[in-house]
Every structure is written in structure tokens, then in C-alpha cells.
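# Structural characterization, general
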Protein chains: 2
Amino acid sequence: MDKETIIYGKNAVIEALEAGNRTFNKILISNSAHSDTKIEKIKNLAKSQGIIFQFVNIQKLNQIEPEGRHQGVIAQIAPIKYIELEDFIEQNKNKLSSVVILDGVEDSHNVGAIIRSCVCSGVDGIILPSRHGVLINSTVEKTSAGAINHISIIKVNSLVSAVQKLKENNWWVIASDHHAKDNYYDVDYTDMNFALIMGAEHAGISKSLLKLSDFVIKIPMLTNFNSLNVSNATAIILFERCRQLLKTAKNAKR
Amino acid sequence: MDKETIIYGKNAVIEALEAGNRTFNKILISNSAHSDTKIEKIKNLAKSQGIIFQFVNIQKLNQIEPEGRHQGVIAQIAPIKYIELEDFIEQNKNKLSSVVILDGVEDSHNVGAIIRSCVCSGVDGIILPSRHGVLINSTVEKTSAGAINHISIIKVNSLVSAVQKLKENNWWVIASDHHAKDNYYDVDYTDMNFALIMGAEHAGISKSLLKLSDFVIKIPMLTNFNSLNVSNATAIILFERCRQLLKTAKNAKR
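What counts, and at which threshold
Residues numbered from 1 in each chain as written. Chains lettered and ligands numbered in written order. Predicted model: local features only at pLDDT ≥ 70, side-chain atom pairs only at ≥ 80, totals over all residues. Buried ≥ 20, exposed ≤ 12 C-beta atoms within 10 Å, placed from the backbone. Helix = DSSP H or I, 4+ residues; strand = E, 2+ residues; numbered from the N terminus. Pairing = 2+ DSSP bridges. Contact = placed C-beta atoms within 7 Å. Nonpolar A, V, L, I, M, F, W, Y, C, P; charged D, E, K, R; others polar. Axes fitted to C-alpha atoms, helices over the stretch in contact; angles between N-to-C directions. pLDDT = per-residue confidence, 0-100. Domains from an automatic or database assignment. Expected span 1.5 Å × (residues − 1). Parallel < 35°, antiparallel > 145°, perpendicular 65-115°, else oblique. Left-handed = near helix turned anticlockwise from the far one by under 90°.

### Focus on the pairing of strand 4 (residues 73-77) of chain A
Residues and elements named next belong to chain A. Among the five residues in strand 4, four count as buried, and that is most of the element. Two elements, strand 1 (residues 5-8) and strand 4, share four bridges in a ladder whose sense is antiparallel. Within the sheet, the bridge partner assigned to Ile 6 lies in strand 4 and is Gln 76. Sheet analysis places strand 2 (residues 24-30) next to strand 4, joined by five bridges and oriented antiparallel. Note that in strand 4 the partner of Leu 28 across the bridge is Ile 74.

Right under this line is the structure:
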């Protein structure tokens, strides 16, 4: 495992400083960066938390992040801490909870966008398999726009065992597959511990996981062009759940 | 304007060949590519349409698409044809129609994913401003997974004029903005010509367009982390419309 990871870009660094749950080793700021309000904010947050920041030549930043998207700021931080599934289940046992399981999603941008949608829609955790698909890297960090600091990240060796464990603990497991008969909006999500499995970009969800699922749902289309991006498909299902939860809360208040 | 553009990757090339509305100059296939069913399909489709294909050294492909995501296949094609807004309105005047307007979206991956969601959810066209944000390029082509061949692409000099023209022609213009009061799921989309404006990744929608809009809607969240990826936000709104249309159609059948 990497001893250190980087996050880059002004907003990503601010977000991680504000979240306060990451261990910063050092923040590097380009000595040619214009000192705008965001750079000032980074410096002030770093000072108040006792984090070292250092002005460096821009070439040093370009060396660390060669694609030049760092906006003059790179933070060197300890890698995200993965948590154990058992601990996650234990921590969430006294409320209705939710988790998204990614079965081999390969594109870091997709994983980052999915984490954003998860956090916005109140999902508590995300489960990634250790041996296929993407784990958390600096592209995921960046595209998550800081969302990664607001969700539990669970890494497991076997998704099959993870799903079995969730089911034993009274979670409902829902798989998204475009061959399904049931529509995603016909499931009532308001009264369950919710685990959503999304498949890899090309391969979809593995058969063993489909077989274990309590529901298999599809997103019905208005055309026969049946090819949604996986992060968009995830957002559609999560926000249908969100819509139902908000409507129920509203009705309960009446 | 470019005289030629490329699409790369087996699926993207097959999709464009099958759509049949693009002008192919030539298809280049790596002479070291394993001849699998997809490559055979490309060869057969090309033959039946009288399109030249040529076996070349892989270095030649790497030169044209340096990031190495071509999977051994690159097609050189004429650029997408943009259509005029007036023609689009005319072509769609005898049915309830829909269009998505991107106000300066900058990331090609986002534009590609948005086009996929548009086509899946039955949106007829997409309007891009000529002077800010992304136009159609080969990354958009690739990330759209071929969806680009199934939708009208309209390029306009002024989004303000475009929105005014849509309104004059009995379209409802809906802007997505997280400061809005109304929720996206409280609008009835089933009986309108629907134009949805989505804003740039950081800047959002320009004030002049917000002012012109008939509705401004937000996507309510379950947390105060209010930062959805723009392609995910677009998918959430488009598929709520899709859900309403499918439910209405089902009820009408009863």
C-alpha cells in the first residue's frame, strides 16, 4: 500500500482541510501562484491545524502531478483509511442505512462521481473489491470533489461474502441490471437497509452477485439505445431513493 | 473547423457504422490486433457500406491517438454535422419534444455522458454555445459511446437568443440551479416541450439565462454536501421526466 497519496487542486485541498479527518504530511504551494482567496484560505486552515505548508517552484508541482491540473496546490497526505465491513455494519446498526457496492468499476472518474452522488444522497458507505476495479487513487480523490472525506470506504476481498454478511444483518440487496423485469422506481426504498450493487462498465454485475440479490432492477429507457454511463445510472437510482425519502419525511410532518 | 475527426475503440466504431449517418473516410485496423468478433463485425459492416479499411502498424494508431485507448481500431470520419436551431424546431414541431442546453460545460467526458443520458431518455437535441464550453471532439465522441449519432447537435452563437426562440415556439425552459426553491420532481414534465438548461461545472448557469427561464429547479439532497457532477445532475432530472412519461403512458393504456 502507498505510504502517501496526493490531492491536488484548490477546492479538493480546502475540502480535505475542512473535513478534518485526513492526516496531512505537507502542503506544497507554487511560489508563482497568485494569492487569491482560496490560497489564503488554505494557508489559514493549515496554520490553524498546525500543518506545514511550503512554497515551491512550479516545476516541483508539475513533477508530482504531470497533467498540470494542480492549480498551484498539492497536498501530501496519508492514504484514505479503509474500514472493515463488520465495523461499518456495527456503526450503522441503529438506523436505516445505505451502501453502494461497485463490482469492478474501472474508471476512476466514474468512481469519483459515484462517491459524490452517494454523499449528496445520504449514502453511508461504499464497498470496493480489493482485486478488481479501481481502488481510491488521486484521480478518484480529485473527481470526488472532497466527497471521499464524508463517506466510509470499505475494501473487501470477496464481494460475495460481503453481500452474504449484509443479508445476514438485515440489509436488502438490490442489483442493477438492464435485463431485469422490475423498474427501479417501483421499489419502495423508504423502510430498508439499502445495499445497491452496480456493475463494471462493460461486464456488468457478476452472476454470483445477481443470484444473491433480493431485487434486480432496471432503468427503463425511452429509446432502445441502452447504454448509460455507470455513474449516471447510479445517480438515477440513488436520487429516486432520495426522492422517496424526502417525500415520506414531508408526509410524516403533516 | 476540422475537415476530419476520428473515432476510436471497437464499440464506438461499430456504433457509428450501424447508425449509418456519418461519412467515413477510412478505417484503420492494427495488423497486430487479434481478429475477434468485433473486428470481424467492423470489417463486414465496412465492406457492405463500401468503406475502405486498411491494416496498419500499431505505431500509426498510437500516433493518431496517443493515449492508447484505440483498441486497435480508428475510423477517420467527417465531423459531426451541427444543425440550425430553426431547423430543429421545425423538425420537431408536430410532437412534444425535448432538448438539453449546456451553458459552458467544460469537460468532454461530462458532455459525452450527458449525450448518452439524453439519448437513453428520449431527448431530441442538445444545444451547445459556439464560444464557451466544449464542442464535439473525439473524447466526446468516445465517451458518448455512439449516442452522438442518435441525437441532433445544435450549435448557437447566443444561448440567450436560442432560449428566446424556443420560448416563442411554445417550449418551456427549465433551469437547474441549487439555489432554486422548487424541486425537480415537483414539476410535471408530461405535457410540455421541454428545454433543460444545465450550467458549467463551477460557474453554473449565467444570470441572463436564469432570468429567462420559466422554472428554476433544484435537486434536493439528503446532506449539505451539495456538489453533484453535472452529468449526474442532468441524468437525475432527465430520468425523472422519463419516469413520469413512462408512468403516464402506462396509465393511458389502462
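### Digging into the interface of chain B and chain A
Taken residue by residue, the interface counts 31 residues in chain B and 31 residues in chain A. Counting only elements with at least two residues in the side of chain B that touches chain A, the list comes to helix 5 (108-120) and helix 9 (230-253) of chain B. Residues that form the side of chain B that touches chain A fall into these classes: 18 nonpolar, eleven polar and two charged.

### Some points on the sheet that holds strand 9 (residues 182-183) of chain A
Residues and elements named next belong to chain A. The strand order across the open sheet formed by seven strands is 7-6-5-10-8-11-9, and the pairing between neighbours is parallel. Two strands close off the open sheet at either side, each with one partner strand: strand 7 (152-156) and strand 9. Judged from the two bridges that link them, strand 9 and strand 11 (residues 215-218) form a sheet pairing that is parallel. What sits directly across from Asn 183, in strand 11, is Lys 218. Docked against the sheet, helix 5 (residues 108-120) engages strand 5 (98-103) and strand 6 (125-129), running at close to 170° with respect to strand 5.

### Side note on the confidence of the model for chain A
On average, residues of chain A score 92 in pLDDT, and 98% of them are at 70 or above. The complex model carries a pTM of 0.89, and its ipTM stands at 0.87.

### As for the sheet that holds strand 4 of chain A
All names here are of chain A. Read across the sheet, four strands follow the order 1-4-2-3 without closing on themselves; strand pairing throughout is mixed. Pairing within the sheet leaves two strands with one partner each, and these edge strands are strand 1 and strand 3 (53-56). Taken pair by pair, the neighbouring strands of this sheet meet at an average axis angle of 25°, ignoring direction. As paired elements, strand 2 and strand 3 share four bridges and run parallel to each other. For Ile 29, the partnering residue across the bridge sits in strand 3 and is Phe 55. Against the sheet, helix 1 (residues 10-19) contacts strand 1, strand 2 and strand 4, and its axis sits at roughly 40° relative to strand 4. Lying on the sheet, helix 2 (residues 37-48) is in contact with strand 2, strand 3 and strand 4; it crosses strand 2 at an angle near 150°.

### Things to note about unusual backbone geometry
All names here are of chain A. Although it is not a glycine, Asn 170 adopts a positive phi angle of roughly 75°. Among the structural elements, Asn 170 can be located in the loop between helix 7 (159-168) and strand 8 (171-176). Asn 170 sits in the exposed class, given 10 other C-beta atoms within 10 Å.

### Some details on the domain arrangement of chain A
Residue and element names in this part refer to chain A. Taken as a whole, chain A is organised into domain 1 (5-77) and domain 2 (85-253). Taking the mean C-alpha position of each, domain 1 and domain 2 sit 31 Å from one another. Tallying the contact residues gives twelve residues for domain 1 and seven residues for domain 2. Looking at the side of domain 1 that touches domain 2 residue by residue, the class counts come to six nonpolar, four polar and two charged.

### Some remarks on helix 2 (residues 37-48) of chain B
Spanning twelve residues, helix 2 of chain B covers 16 Å between terminal C-alpha atoms, matching the ideal 16 Å at 1.5 Å per step. Taken from the residues just after helix 2 of chain B, Gly50(B) is the one with a positive phi, measuring 65°.

### What to know about the packing of helix 1 of chain A against helix 2 of chain A
Residue and element names in this part refer to chain A. For the pair helix 1 and helix 2, the least separation of the axes is 10 Å and the interaxial angle reads 30°. Considering the angle they form, helix 1 stands roughly parallel to helix 2. Handedness of the helix 1/helix 2 crossing: left-handed. Between helix 1, through Lys 10, Val 13, Ile 14, Leu 17 and Glu 18, and helix 2, the contact on the second element is made entirely by Lys 38, Ile 39, Lys 41, Ile 42, Leu 45 and Ala 46.

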